[in-house]
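Breakdown of the fold
For reference, the chains in residue letters:
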Amino acid sequence: MKIDAISIFPDYFDALKISLLGKAQAANLIDFTAVDLREFTHDKHRTVDDSPYGGGAGMLMKPEPWGEAFDFLIPEADSETQIIFTSPAGEVFNQALAVELSQAKRIVFACGRYEGIDERVVEFAKSRASVRMVSIGDYVLNGGEVAALAIIEAVARLIPGVIGNAESLLEESHNDGLLEYPSYTKPANWRGLDVPAVLLSGNHAAIAAWRLEQQVKRTKANRPDLLGE
C-alpha cells in the first residue's frame, strides 16, 4: 500500500519508522512518504494560513499550497486513491472503516492545523480522488497528524504480512462488535492475584465460553452503546 501524509510538521511521522510499521516499510509492504505542505508556498515566510472570511477566531489554512500539493501527489484523477482529511467534523473512525481502508491501493492524508482547511480544498480534492473526512473521536486536537498516525497504524496492521500472527487479529476488540476479553500469562500467581482457574483447566469449550462472557461483561461496562443499550 502507498500512503502519503501532507503536513506542516512532517517529522510527526517519524514514529512510523519504528516497530512493526518500520519493518513493514523495510519489507516493501508499505510505501510511506511525509510531504511538507510549506514546500508548496512561494513567499519568504512560507505562509500556509490566513484569517477566515466572515470573521471568527483563529486562522484558516489557505487553499493555494494544498492545491499544489495535490497537483504534485495526484496530478490526474485516480479512482484508486483515497484522500482522508483528518477532522473532528468527519465520520468517526472505527474498526470496520479500518478494514475497508486496508483494501485501498493508496491513501493520502491531509492533516489540517489551526482552525482547519479552506473548504474549497475538500471540494477540489474530490476531482482527483475519493474523499472522506474522518475523526478519531469526539474531541479536538491541535492538528491532524496524531489522528493520521492512529488511522495509519490501525489500517496498516491489517495488511497481510505486517502482523506476524494473523490469527491474533481475529480475537481483538471490535472485530465481532464486542470488546476483547481480559488476557493473562505466566506466572499463575502474581502479587497475590491469581489467573482465573478456567484458563488453567485445559477445557477449551469452557475457556471459549468464559471469554465470551467476559467480552459481553466488559462491553456492557465500558461501551454499552455497542450493545444498543
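Report follows, based on the coordinates. (Residues numbered from 1 in each chain as written. Predicted model: local features only at pLDDT ≥ 70, side-chain atom pairs only at ≥ 80, totals over all residues. Heavy atoms only, no water.)

1. Looking at the nonpolar core
Residues Phe13, Ile30, Phe93 and Phe109 are the most contacted members of the largest nonpolar core, which totals 29 residues. Only strand S1 (2-7), helix H1 (19-26), helix H3 (95-101), strand S6 (106-111) and helix H5 (145-156) provide two or more residues apiece to this core. Of all the elements, H5 adds the most residues to this core, at 7 residues. In this structure Phe109 touches Ile3, Asp4, Ala5, Ile6, Ile84, Thr86, Ala148, Ile151 and Ile152, once residues within four positions along its chain are discounted. One finds Leu73, Val108, Val122 and Ala125 within the second-largest nonpolar core, a separate group that totals 22 residues. (Core = buried A, V, L, I, M, F, W, Y, C linked by side-chain atoms within 4.5 Å. Buried < 20%, exposed > 50% of the residue type's maximum accessible area, 1.4 Å probe, protein only. Helix = DSSP H or I, 4+ residues; strand = E, 2+ residues; numbered from the N terminus. Contact = heavy atoms within 4.5 Å.)

2. Some points on H5
The terminal C-alpha atoms of H5, which comprises 12 residues, lie 16 Å apart, in line with the 16 Å expected from a rise of 1.5 Å per residue. For H5, the buried fraction is high: 9 of the 12 residues fall into the buried class. Within H5, burial applies to Glu145, Ala147, Ala148, Leu149, Ile151, Ile152, Ala154, Val155 and Ala156. (Expected span 1.5 Å × (residues − 1).)

3. Looking at helix H2 (residues 63-73)
Turning to H2, its buried residues are Pro65, Trp66, Gly67, Ala69, Phe70 and Leu73. Residues of H2 that are buried make contact with S1, strand S2 (31-36), strand S4 (60-61), strand S5 (81-92), S6 and helix H4 (119-125).

4. Thoughts on the packing of aromatic side chains
Per the stated rule, a full pass over the model turns up 5 aromatic pairs. Measuring from ring centre to ring centre gives 5.6 Å for Phe13 and Phe32, while their planes differ by 40°; the resulting arrangement is tilted. One end of the pair, Phe13, is in the loop between S1 and H1; the other, Phe32, is in strand S2, with 19 residues separating them in the sequence. Put simply, the rings of Trp66, Phe70 and Phe85 pair up and form one aromatic cluster. (Phe/Tyr/Trp six-rings, centres within 6.5 Å; stacked < 30°, edge-to-face > 60°.)

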